[in-house]
Amino acid sequence: KHRLRGGSRRVPVIDRMAPEAFWSLKMQHLVCGISSAGRVVPDVDGEPFLVEKAQGPYVWDQKGRRYADTALGFGATFLGHTDPDVTEAVRVAMERGSMPAYAHALEEEAASSLAAHTKDLSKVIFLNSGSEAVHLACRTARAVTGRRKIVKMAAGYDGWFDDVAFGNAGSQEALMGSNVRPSNGDTLLLRFNDVADAELLFSECNDVAAIVLEPMMANAGCVVAKPGYLEHVVSLARKRGALVIMDEVLMGFRLHPGLASHHLGISPDLATVGKAIGNGYAVAALVGHPDIMSAFEDKRVARAGTYNGNPVACAAVNASMKVVDTIDYTALRQAGDALRETIRVSFEENGADVVTSGYGTVFTLWSSRSAPIDYREAVQKADPSFSANMHIALRRAGVMSMFGTYGRHYISARNSAPVMQQLAEGFASAAQQLAV
């Protein structure tokens, strides 16, 4: 049984098990029934979940039931599923040829549209995924500095390539429980929100090529940076000759029409963007200062990719940037923050303490009175049974969400007042279900 904190009522729990154990469909060829492990969701009332359609703020299952969606392509469909402007631009591009192999005008047009939102990071290289963008950023930093070491945040997610996949949330290394700094080849881990650890690292290691930072530790449960932390780490890196890479694949364009780091007062040397820049189409980019990106022009850095900068991806970027410029970000964040407060009150009225961490457009729900300030606290406060039952209760209330202990809830830039009300009612229903 799982006891709701702050109350005496109980709800049944889902036992811990491998995610694949939830999947009941008989898949003969597709490994585990999915191509990305993050897509696993449990059966509810004996029924598996398959998406039949996604449009606007909604997804429909194979039986035609509609859900308000808070996963939103893991944050990729920031403008909502199948945004009409983006969809039309992609349709036109496809009619003209999706893979010509040669240079095409849309590529520079999309780069110009993106660079108009990234200030002094005015040079652009398009790729197909955030993982590729981070990988290329690290390769660039090594070529420019002549050094090998890359530092990343313990429990941060910067893609699934071997170097930066080390120390992800859930791994033993991410806890950094000993005095020996975890490392994997040329990759070192740093505790997020720990100024003393950053100072120690740069005093001990003088051959760091770059440090990869995130504006927020999203995959560890939307752990927000302490005031002044990011600025201090950037200052330390610069003093030691290391480049600063901001991984904005998730947070880019979510707080304002540009990089979250710029919005927070940070000026990186390189940044990686994805998800929101193409609103659901496979595209990412590395953006950087012209002097650093000149390493590609003089052949210090190699890059390739058949689908990089293809017309479909570029059309999606172009259209997405135009829509982004029409968004009232202040109103969007306020609506999201209002929803977060409504969720807290709904649980409080049902005898439970919950809190959210993150921002109005992306947040994590915790069964606790206070949000974690670092990964160690996140592990301590994590409640897998609460998270699992929350997902199921929301499904029953017509709200679809990510499934996992550190899952996130995304708000679309085009969520209308009725959609926000539906989400509020869904969470209120979940609070009541969990209190039974």
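Since the structure is predicted, the reported quantities are computational estimates derived from the model, not experimental observations.

Undergrad: Give me the confidence of the model for the protein chain: which residues, what numbers.
TA: With 94% of its residues at a pLDDT of 70 or more, the protein chain has an overall mean of 92. A low-confidence stretch, residues 1–24 (pLDDT under 50), is modelled with 58 contacts involving residues beyond four sequence positions or located in other chains.

Undergrad: So, the pairing of strand S3 (residues 51–55): which residues are in play, and what are the values?
TA: Direction of pairing for S3 relative to strand S4 (residues 58–61): antiparallel, over a ladder of four bridges. Along S4, the bridge assignment pairs Val51 with Asp61. In this structure, the hairpin formed by S3 and S4 is closed by a connection of two residues, where Gly56 is found at a positive phi of approximately 60°.

Undergrad: Can you break down the sheet that holds strand S13 (residues 243–248) residue by residue, with the values?
TA: Here eight strands make up an open sheet; going across it, the order is S6-S15-S14-S13-S10-S7-S9-S8 and the pairing mixed. Of all the strands in the sheet, just strand S6 (123–127) and strand S8 (183–184) have a single pairing partner and so form its edges. Judged from the four bridges that link them, strand S7 (residues 149–153) and strand S10 (residues 208–213) form a sheet pairing that is parallel. If you follow Lys152 over to S10, its bridge partner there is Val212. Against the sheet, helix H5 (residues 195–204) touches S7, strand S9 (187–190) and S10, its axis set at about 150° to S9.

Undergrad: Describe the sheet that holds strand S18 (residues 399–400), listing the residues and the values that go with them.
TA: Read across the open sheet, the four strands follow the order S3-S4-S5-S18; overall the sheet is mixed. Strands at the two margins of the open sheet, each flanked by one partner only, are S3 and S18. Note that S4 and strand S5 (residues 66–69) share three bridges and pair antiparallel. Residue pairing in the sheet places Tyr58 in a bridge with Ala68 of S5.

Undergrad: Requested: an account of helix H13 (residues 417–435), with residues and values cited.
TA: Because the α-helix completes a turn every 3.6 residues, residues three or four places apart line up on one side. The end-to-end C-alpha separation of H13 is 27 Å, in line with the 27 Å expected for 19 residues at 1.5 Å each. Buried residues of H13: Val419, Met420, Gln422, Leu423, Ala424, Gly426, Phe427, Ala430, Ala431, Leu434 and Ala435, and no others.

Calculation rules
- Residues numbered from 1 in each chain as written.
- Predicted model: local features only at pLDDT ≥ 70, side-chain atom pairs only at ≥ 80, totals over all residues.
- Heavy atoms only, no water.
- pLDDT = per-residue confidence, 0-100.
- Contact = heavy atoms within 4.5 Å.
- Pairing = 2+ DSSP bridges.
- Helix = DSSP H or I, 4+ residues; strand = E, 2+ residues; numbered from the N terminus.
- Axes fitted to C-alpha atoms, helices over the stretch in contact; angles between N-to-C directions.
- Expected span 1.5 Å × (residues − 1).
- Buried < 20%, exposed > 50% of the residue type's maximum accessible area, 1.4 Å probe, protein only.

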